[in-house]
Amino acid sequence: MRVLFVHQNFPGQYRHVAPALAARPGTEVVALGINPAPALPGVRHIRYAVAGRSTPGIHPLAASFETATLRGEAAARAARALRDEGFHPDVICGHSGWGETLFLKDVWPRARLLTFAEFYYGATGADSGFDPEFPAGEGDALRTRARNAGQLLAFEASDRLVSPTAWQASRIPAVFRDRLSVIHDGIDTDLLKPDPGARITLGRDRLSLGAADEVVTFVNRNLEPYRGYHSFMRALPEILRRRPRARAVIVGGSDTSYGAKPPAGRTWREIFLDEVRGELDLSRVHFVGKIPYRDYVDLLRVSGVHVYLTYPFVLSWSMLEAMALGACVVGSATPPVEEVIRHRENGILVDFFAKDAIAEAVVSVLADPGSASPLRKAARQTALAYDLTRVCLPAHLRLIEAVAAGGS
């Protein structure tokens with residue numbers, strides 16, 4: 001079998017699937033991507049460049065589709081070079097979000113296309129317009145609909161689609177759902193398991209923390225409204241006031257991954273810290289930026305409460321990883337968090353915007369850690385359903401095999 005993976009930031013969601021296939025005798029695996037990436041065993045990674053830029057003055061509603069077209073054209077150019085050297089994939093696995101898969105079936109008409117459908121945008125019912133503090137503009141509904149144009153063409157060309165959660169799958173237009181599977185990317189629950197003896201040393205002051213300390217954790221790739229940073233920061237003064245021994249450890253960068261950028265010259269991290277700065281004991285608030293994965297794992301092991309908040313959007317790996325590590329998660333009552341966390345069974349759900357409710361949930365766990373023990377154990381059991389090696393990876397491999405063979 002010959003398999004082609006296409007993802008602008010390869011390996012992305014394919015970081016386990018691609019090498020697993022490459023390890024099989026007789027399987028050739030090639031990947032196309034734009035950005036540099038570490039080598040994966042057995043995977044030939046080819047980088048390509050996007051030629052040209054969006055047309056100056058193009059109609060704003062057409063801009064996202066033109067960008068997708070440029071990326072699709074670049075990927076097709078790289079694909080033709082592969083075809084000309086004799087590579088003909090049985091199955092192509094590609095992410096639909098940026099346009100790379102648009103023209104691949106035109107290069108290899110007989111190849112089967114399995115598309116990763118991560119998120120289909122909508123003017124209602126998801127991220128757009130969810131947060132009244134950042135209301136949708138008059139033209140946002142039009143921009144949202146236009147933004148999906150490239151994905152719709154990618155879905156139409158696909159033989160199969162796969163989404164990581166049932167809620168994300170439910171966002172896909174109904175006409176495509178008969179070819180859609182739900183398989184999560186998977187987390188390594190053998191690596192990610194509780195360790196009561198774990199400790200972590202933070203910052204220049206070499207502060208050492210363990211499970212007996214009152215540690216409140218908050219983790220994002222970048223600290224921004226989409227992932228509830230503003231709601232968490234507004235809850236934090238009350239948490240620290242009521243728990244004088246508690247410390248907040250906040251992991252994440254100062255860029256913007258999703259949504260609108262902050263005002264020029266500022267970061268969301270600064271803006272919402274400044275809002276509550278006068279109410280905080282900053283000696284107990286630790287912004288650690290982006291940290292090595294091993295430190296991140298140990299941090300979640302010592303966490304007394306892990307707060308995970310998100311707009312209705314894609315589910316972060318970090319929430320499931322925290323659950324696998326036995327953390328007590330206080331999560332927002334938003335999809336797809338509600339798909340995983342059952343209130344007071346394997347975590348605690350709170351209103352995304354309710355700073356008092358967030359603070360009360362965190363304080364209640366810190367005040368009576370024994371009460372959270374069943375939640376921690378249940379969280380670990382829930383995470384096992386998303387295990388990489390036993391559940392998700394085998395399911396992905398079976399799907400790829402079926403698609404390559406012409407089945408469903």
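Overview of the structure. (Residues numbered from 1 in each chain as written. Predicted model: local features only at pLDDT ≥ 70, side-chain atom pairs only at ≥ 80, totals over all residues. Heavy atoms only, no water.)

Applying the stated criterion across every chain yields a total of 23 aromatic pairs. Ring centres of Phe87 and Trp108 lie 6.3 Å apart, and the angle between their planes is 80 degrees; on these two criteria the pair is classed as edge-to-face. Highlighted residues: Phe87 in the loop between α2 (60–84) and β4 (91–95) and Trp108 in the loop between α3 (104–107) and β5 (112–116), separated in sequence by 21 residues. The interplanar angle of 70 degrees and the centroid separation of 5.6 Å between the aromatic rings of Phe155 and Phe176 together place this pair among those described as edge-to-face. In this pair, Phe155 sits in helix α5 (residues 149–157) while Phe176 sits in the loop between α6 (166–170) and β7 (180–182), placing the two residues 21 residues apart along the sequence. Assessed through its relative accessible area of 0%, Phe155 is described here as buried. Taking the relative accessible area as the measure of exposure, Phe176 reaches 9% and is therefore buried. In this structure an aromatic cluster arises from ring pairing among Phe119, Tyr121, Phe130, Trp167, Tyr226, Tyr258, Tyr311, Phe313, Phe352 and Phe353. (Phe/Tyr/Trp six-rings, centres within 6.5 Å; stacked < 30°, edge-to-face > 60°. Helix = DSSP H or I, 4+ residues; strand = E, 2+ residues; numbered from the N terminus. Buried < 20%, exposed > 50% of the residue type's maximum accessible area, 1.4 Å probe, protein only.)

The sheet built from seven strands is open, its strands ordered β3-β2-β1-β4-β5-β6-β7 with parallel pairing. Every interior strand has two partners, whereas the edge strands, β3 (43–47) and β7, have only one. On average, each strand axis in the sheet is inclined to that of its neighbour by 20 degrees, with strand direction left out of account. Two strands pair when backbone bridges link them, and β4 and β5 are joined in this way by five bridges, in the parallel orientation. Bridge assignment links Val91 to a residue of β5, and that residue is Arg112. Lying over the sheet, α2 contacts β1 (2–6), β2 (28–33) and β3, oriented at roughly 150 degrees with respect to β2. (Pairing = 2+ DSSP bridges. Axes fitted to C-alpha atoms, helices over the stretch in contact; angles between N-to-C directions. Contact = heavy atoms within 4.5 Å.)

The next subject is unusual backbone geometry. Between Phe10 and the following residue, Pro11, the backbone shows a cis peptide bond with an omega angle of 15 degrees. By secondary structure assignment, the location of Pro11 is in the loop between β1 and α1 (17–22). The step from Pro335 to Pro336 runs through a cis peptide bond, and the omega angle for that step is -5 degrees. Residue placement: Pro336 occurs in the loop between β14 (329–332) and α11 (337–340).

Phe232, Met233 and Leu236 are the most contacted members of the largest nonpolar core, which has 45 residues in total. Those elements giving two or more residues to this core turn out to be β10 (215–222), α7 (229–242), β11 (247–253), α8 (268–276), β13 (305–308), β15 (348–350) and α12 (355–367). Of all hydrophobic cores here, the second largest spans 33 residues; its members include Tyr296, Ala324, Ala327 and Leu349. (Core = buried A, V, L, I, M, F, W, Y, C linked by side-chain atoms within 4.5 Å.)

Two elements in contact, helix α10 (residues 317–324) and helix α13 (residues 373–384), have axes whose closest approach is 7 Å; the angle formed by their N-to-C orientations is 125 degrees. By the angle between their directions, the pair α10 and α13 is classed as oblique. Within the contact between the two elements, α10 uses Leu320, Met323 and Ala324 and α13 uses Ala379, Arg380, Thr382 and Ala383. When its residues are assigned to classes, the contact of α10 with α13 shows five nonpolar, one polar and one charged. (Parallel < 35°, antiparallel > 145°, perpendicular 65-115°, else oblique. Nonpolar A, V, L, I, M, F, W, Y, C, P; charged D, E, K, R; others polar.)

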